[in-house]
Amino acid sequence: MSNTLPPANHADQTNTTETADLAFLLRTMHADLDLFERLQADQLVAVTEDAGRQIARLQALQLHCLAGLRRRRSDPSELASELALALHITDNRAGAMISAADALARRLPRTFRLMDSGQLDLYRAMKVTDGTNWLSDHHARLVDVLLEQRLADKNPIQIRKATAYAAMKTDPDGAANRMAQRRGERHVALRQQDESTSQLSVENAPTDKATAAYQRIDKIARSLKTDGEKRTLDQIRADVAIDLLLSGKGGTPEQAEVYLYVDLQTYLGLNNDPGELAGHGHIPAELARHIATGPDTTVRRVITDPLTGQVIEVGKFRYRPSIDVDEFVRVRDRECRQPGCPRPALNCVTEPTGPDPADADSTLSYCIRHRRLKDRYDWEYKVRKDGKLVVTTPTGQEVESTPPPLHDPRPIPEHPGQERMGA
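Conventions and cut-offs
As a convention, each chain's residues are numbered from 1 in the sequence order in which they are written. Totals for whole chains, interfaces and linings use every residue, but because this is a predicted model, local features are given only for residues with pLDDT of at least 70 and side-chain atom pairs only at 80 or more, for both listing and counting. The side-chain quantities take in all heavy atoms of the structure and omit both hydrogens and water. Counting from the N terminus, the helices are the DSSP runs of H or I reaching at least four residues and the strands are the DSSP runs of E reaching at least two. Only protein chains enter the accessibility calculation, which uses a 1.4 Å probe; a residue is then buried when its area is under 20% of its type maximum, exposed when over 50%, and partly exposed in between. Residue contacts are defined here by distance: any two heavy atoms, one from each residue, within 4.5 Å place the two residues in contact. Only the protein chains shown count as covering a residue, and every accessible area follows the Shrake-Rupley method with a 1.4 Å probe. Nine residue types can take part in a nonpolar core, namely buried Ala, Val, Leu, Ile, Met, Phe, Trp, Tyr and Cys, and a core is a set of them joined through side-chain atoms within 4.5 Å. In this description, strands pair whenever DSSP reports at least two bridges between them. Angles run from 0 to 180 degrees between N-to-C directions of axes, and those axes are lines fitted to C-alpha atoms, restricted for helices to the stretch in contact. One fewer than the residue count of a helix, multiplied by 1.5 Å, yields its expected span. What the arc covers is the set of directions going from the helix axis to the C-beta atoms. Whenever Lys or Arg places a side-chain nitrogen within 4 Å of a carboxyl oxygen from Asp or Glu, that contact is recorded as a salt bridge. We call two N or O atoms a polar contact when they sit within 3.5 Å, provided that within protein one can donate a hydrogen and the other can accept it, with sequence-adjacent residues counted only if both atoms are side-chain atoms.

Take the overall build of the protein chain next. Scanning the protein chain from N- to C-terminus turns up 16 helices and twelve strands. Counting only residues that meet the buried cut, the protein chain has 35% of its 423 residues in that class. Long-range contacts, defined here as pairs at least 24 residues apart, represent 53% of the contacts in the protein chain between residues at least 6 apart. Surface accessibility of the protein chain: about 26,200 Å² in total, with carbon and sulfur atoms responsible for 53%.

Right under this line is the structure:
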């Protein structure tokens, strides 16, 4: 593969050559995984560039399909839920892709053509769709014309800045209104991360107040950075910010309620199996024990079937309880039962699907969004006798949802007298 660029008037021929080269490399790669060890550095760079162009074209194809679906559906939220199941992504990510596809097809055709030709990938194209979503269709098309020759060789940050500048130049009055609107959308966001950490942020805060708040945090942190302090300044800033929020100085401190799942043997320190924090995911055993043994922690017993790991009893409430079904179902489900939805069941509503409201098997946890979705005529939700939920989308895709077991299934003892540990 050559690493030199051909003249511009041979673009179509170049695209055909690149496609053929990539197809050859893909076939060769499966037959000989050592191929890339024999290629020169400039060849590896050339292949990487070619692959990037092909990925951009495939992303454009995907967005054309989504734009076509969007034209046939009146509810983008419903379509996002269906796409999330098809692509195994979150509803928010699916919704963002659908919005980008719709904007590119209707308002930003020149930017879309850059994707079609492999000059702009989805991530960079979404910097344009996000930066123009507040503009009218007329102003968005003007920005599209202004940016057409300025995007192909720019990185995402440069594209975001170029788009913001073009949008403000095109509609200065709208930019001022948009600033006021964004301030009105201020909120606090919690994003769960891996390694038992989370990101807490204040979105769309007024710049002056956010800057003042940071300066206060920084001032306190620097005063604590003494010779004996082992934490870095960044670590102290993070600790100070959390401490200020939890100290109650900005308001009345409240006791939060969360669901923590931890095996009895882990709780007693007999093993180090991970625990699970609802809405976040698995956490190390050490952290689980720290939370479970806290002075303000209330511990509830949860009994599981050792063969399946499924919850069969919560505290004094039995399987198929006549009261407190809501609590049992939330503990069992842990999260919204819509496949792939991570919203904690603690913040969901429970809803019976059968004639007996005391039947825990047929009662499920749904977040508000997916509770609305299941009531739509073109979505089908069926609960089997074993409690498994089967969701059928408007295009016929079937996805199953079963409450995750609290632990791995444990084998039946080979001898009747052998002791069997419960959960």
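Below, the discussion takes up the nonpolar core. Judged by nonpolar contacts, the single largest core of 31 residues is most densely connected at Leu63, Met115, Leu120 and Leu151. At the level of secondary structure, the elements contributing two or more residues to this core comprise α3 (41–72), α4 (76–87), α5 (91–106), α6 (109–116), α7 (122–132), α8 (137–147) and α9 (156–170). Examining the composition of this core, we find that six residues originate from one element, α5, more than from any other. Among all residues touching Leu151, those that are not within four sequence positions of it are Thr111, Leu114, Leu120, Arg124, Val128 and Ile159. One finds Val302, Val311, Val325 and Phe328 within the second-largest nonpolar core, a separate group that totals ten residues.

The next subject is the sheet that holds strand β10 (residues 380–383). With antiparallel pairing, three strands are arranged side by side in an open sheet as β10-β11-β12. The two strands at the open ends of the sheet, each matched to only one other strand, are β10 and β12 (398–401). Ignoring which end each strand starts from, the neighbouring axes of this sheet average 20 degrees apart. Note: β10 against strand β11 (residues 389–392), four bridges, orientation antiparallel.

Position of Thr129 relative to the elements: it lies in helix α7. Given a relative accessible area of 6%, Thr129 falls into the buried group.

This part covers helix α10 (residues 172–184). Here α10 is 13 residues long and its end C-alpha atoms lie 19 Å apart, about the 18 Å a rise of 1.5 Å per residue gives. Of the positions making up α10, those classed as buried are Gly174, Ala175 and Arg178. The arc that holds the buried residues of α10, viewed along the axis, is 100 degrees, so those residues lie on one side. Residues of α10 that are exposed and point over 90 degrees away from its buried face: Pro172, Asp173, Asn177, Met179, Ala180 and Gly184. Looking at the buried side of α10, the elements it contacts are α9.

Another aspect to go through is the pattern of salt bridges. Using the criterion set out here, one finds 27 salt bridges in the structure. In this structure, Glu78 and Arg376 form a salt bridge, with 3.0 Å as the shortest nitrogen-oxygen distance. Here Glu78, found in helix α4, pairs with Arg376, found in the loop between α16 (368–374) and β10; they are 298 residues apart in sequence, far enough to count as distant. The class of Glu78 is buried, set by a relative accessible area of 3%. Across the pair Asp375 and Lys374 runs a salt bridge whose closest N-O atoms are separated by 3.3 Å. Three or more residues joined by partner-sharing salt bridges are found here, namely Asp75, Glu78, Arg376 and Asp378.

The topology assignment puts Leu87 in helix α4. With a relative accessible area of 33%, Leu87 lands in the partly exposed category. Dropping the residues within four chain positions of it, Leu87 is found in contact with Gln62 and Met97.

This part is about α7. One turn of an α-helix holds 3.6 residues; hence residues three or four places apart share an orientation. Here α7 lies mainly inside the structure; eight of its eleven residues are buried. Restricting attention to buried positions, one finds in α7 the residues Leu122, Arg124, Ala125, Met126, Val128, Thr129, Gly131 and Thr132. Those residues of α7 that are buried lie in contact with α3, α5, α6, α8 and α9. The backbone nitrogen of Tyr123 has a side-chain oxygen 3.3 Å away, supplied by the residue at the start of α7, namely Asp121.

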